[in-house]
Amino acid sequence: MNILADWRACRIEPPIPIAIVIEQHGAWSVLFAAIAAIFDGRGRPGDARLGRLDNHLRRDIGLPPLPPRRSEPPRWM
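Thresholds, definitions, all that
- Residues numbered from 1 in each chain as written.
- Predicted model: local features only at pLDDT ≥ 70, side-chain atom pairs only at ≥ 80, totals over all residues.
- Heavy atoms only, no water.
- Helix = DSSP H or I, 4+ residues; strand = E, 2+ residues; numbered from the N terminus.
- Areas by Shrake-Rupley, 256 points an atom, 1.4 Å probe, with all protein chains shown as cover.
- Axes fitted to C-alpha atoms, helices over the stretch in contact; angles between N-to-C directions.
- Contact = heavy atoms within 4.5 Å.
- Nonpolar A, V, L, I, M, F, W, Y, C, P; charged D, E, K, R; others polar.
- Patch = residues over 30% accessible without salt bridge, like charges linked within 9 Å, V, L, I, M, F, W, Y side chains within 5 Å.
- Salt bridge = Lys/Arg side-chain N within 4 Å of Asp/Glu carboxyl O.

## Considerations on the overall build of the protein
Then comes step 1: Helix and strand counts for the protein come out as three helices and two strands.
Then comes step 2: By element, 62% of the accessible surface of the protein is carried by carbon and sulfur atoms, the whole surface being about 7,900 Å².

In C-alpha coordinates:
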(Lines give C-alpha, C1' and ligand atoms only; values in the text may rest on other atoms or scores of the structure.)
Protein backbone atom coordinates (compact mmCIF):
# COMPACT_ATOMS: atom_id res chain seq x y z
CA MET A 1 0.00 0.00 0.00
CA ASN A 2 1.29 3.42 -0.90
CA ILE A 3 1.21 5.94 1.94
CA LEU A 4 1.66 9.66 1.41
CA ALA A 5 3.48 11.54 4.13
CA ASP A 6 2.65 15.13 4.98
CA TRP A 7 5.97 16.28 6.44
CA ARG A 8 4.73 19.74 7.44
CA ALA A 9 2.00 18.34 9.67
CA CYS A 10 4.12 15.30 10.71
CA ARG A 11 1.37 12.85 9.91
CA ILE A 12 0.93 9.99 7.48
CA GLU A 13 -2.22 9.84 5.37
CA PRO A 14 -3.48 6.94 3.26
CA PRO A 15 -3.83 7.56 -0.48
CA ILE A 16 -7.15 8.80 -1.85
CA PRO A 17 -9.12 5.93 -3.42
CA ILE A 18 -9.72 6.26 -7.14
CA ALA A 19 -13.49 5.95 -6.61
CA ILE A 20 -13.52 9.18 -4.60
CA VAL A 21 -11.46 10.98 -7.25
CA ILE A 22 -13.85 9.80 -9.98
CA GLU A 23 -16.83 10.86 -7.86
CA GLN A 24 -15.41 14.35 -7.33
CA HIS A 25 -14.06 15.06 -10.82
CA GLY A 26 -15.87 12.71 -13.18
CA ALA A 27 -14.74 9.62 -15.02
CA TRP A 28 -13.72 11.37 -18.25
CA SER A 29 -11.60 13.96 -16.46
CA VAL A 30 -9.79 11.27 -14.49
CA LEU A 31 -9.28 9.20 -17.64
CA PHE A 32 -7.86 12.15 -19.60
CA ALA A 33 -5.63 13.14 -16.67
CA ALA A 34 -4.29 9.57 -16.45
CA ILE A 35 -3.57 9.47 -20.19
CA ALA A 36 -1.88 12.87 -20.02
CA ALA A 37 0.26 11.67 -17.10
CA ILE A 38 1.36 8.61 -19.06
CA PHE A 39 2.53 10.68 -22.04
CA ASP A 40 3.84 13.62 -20.00
CA GLY A 41 7.47 12.60 -20.29
CA ARG A 42 8.36 13.18 -16.66
CA GLY A 43 8.73 9.47 -15.96
CA ARG A 44 11.92 7.49 -16.21
CA PRO A 45 14.63 9.11 -18.30
CA GLY A 46 14.89 7.60 -21.76
CA ASP A 47 18.62 8.20 -22.19
CA ALA A 48 19.66 5.25 -20.00
CA ARG A 49 19.94 2.86 -22.92
CA LEU A 50 21.97 -0.33 -22.79
CA GLY A 51 24.58 0.93 -25.23
CA ARG A 52 25.43 3.85 -22.98
CA LEU A 53 25.95 1.86 -19.78
CA ASP A 54 29.51 1.47 -18.58
CA ASN A 55 31.04 -2.00 -18.26
CA HIS A 56 30.52 -2.18 -14.50
CA LEU A 57 26.75 -1.78 -14.81
CA ARG A 58 26.60 -4.07 -17.83
CA ARG A 59 28.41 -6.80 -15.87
CA ASP A 60 26.05 -6.34 -12.90
CA ILE A 61 22.97 -7.01 -15.02
CA GLY A 62 24.53 -9.87 -16.97
CA LEU A 63 25.45 -8.19 -20.25
CA PRO A 64 28.79 -8.66 -22.02
CA PRO A 65 31.28 -5.78 -21.71
CA LEU A 66 31.63 -3.22 -24.47
CA PRO A 67 34.72 -3.52 -26.69
CA PRO A 68 37.45 -0.96 -25.96
CA ARG A 69 37.25 2.25 -27.93
CA ARG A 70 39.76 2.80 -30.70
CA SER A 71 42.19 5.57 -29.97
CA GLU A 72 43.43 5.91 -33.55
CA PRO A 73 41.30 7.46 -36.30
CA PRO A 74 39.65 5.16 -38.86
CA ARG A 75 41.75 4.14 -41.88
CA TRP A 76 39.73 6.16 -44.37
CA MET A 77 40.69 9.48 -42.73
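## Thoughts on the packing of helix 1 (residues 18-25) against helix 2 (residues 27-38)
Then comes step 1: It is the contact of helix 1 with helix 2, at a shortest axis distance of 7 Å, that shows an interaxial angle of 115°. From helix 1, Ile-18, Val-21, Ile-22 and His-25 reach across to helix 2, where they touch Ala-27, Ser-29 and Val-30.
Then comes step 2: Tallied by class, residues from the contact of helix 1 with helix 2 come to five nonpolar, two polar and no charged.

## With respect to a nonpolar patch on the surface
Then comes step 1: The grouping of Trp-28, Leu-31, Phe-32, Ile-35, Ile-38 and Phe-39 at the surface amounts to a nonpolar patch, some 740 Å² of accessible area in total.
Then comes step 2: The residue Leu-31 is located in helix 2 in this model.

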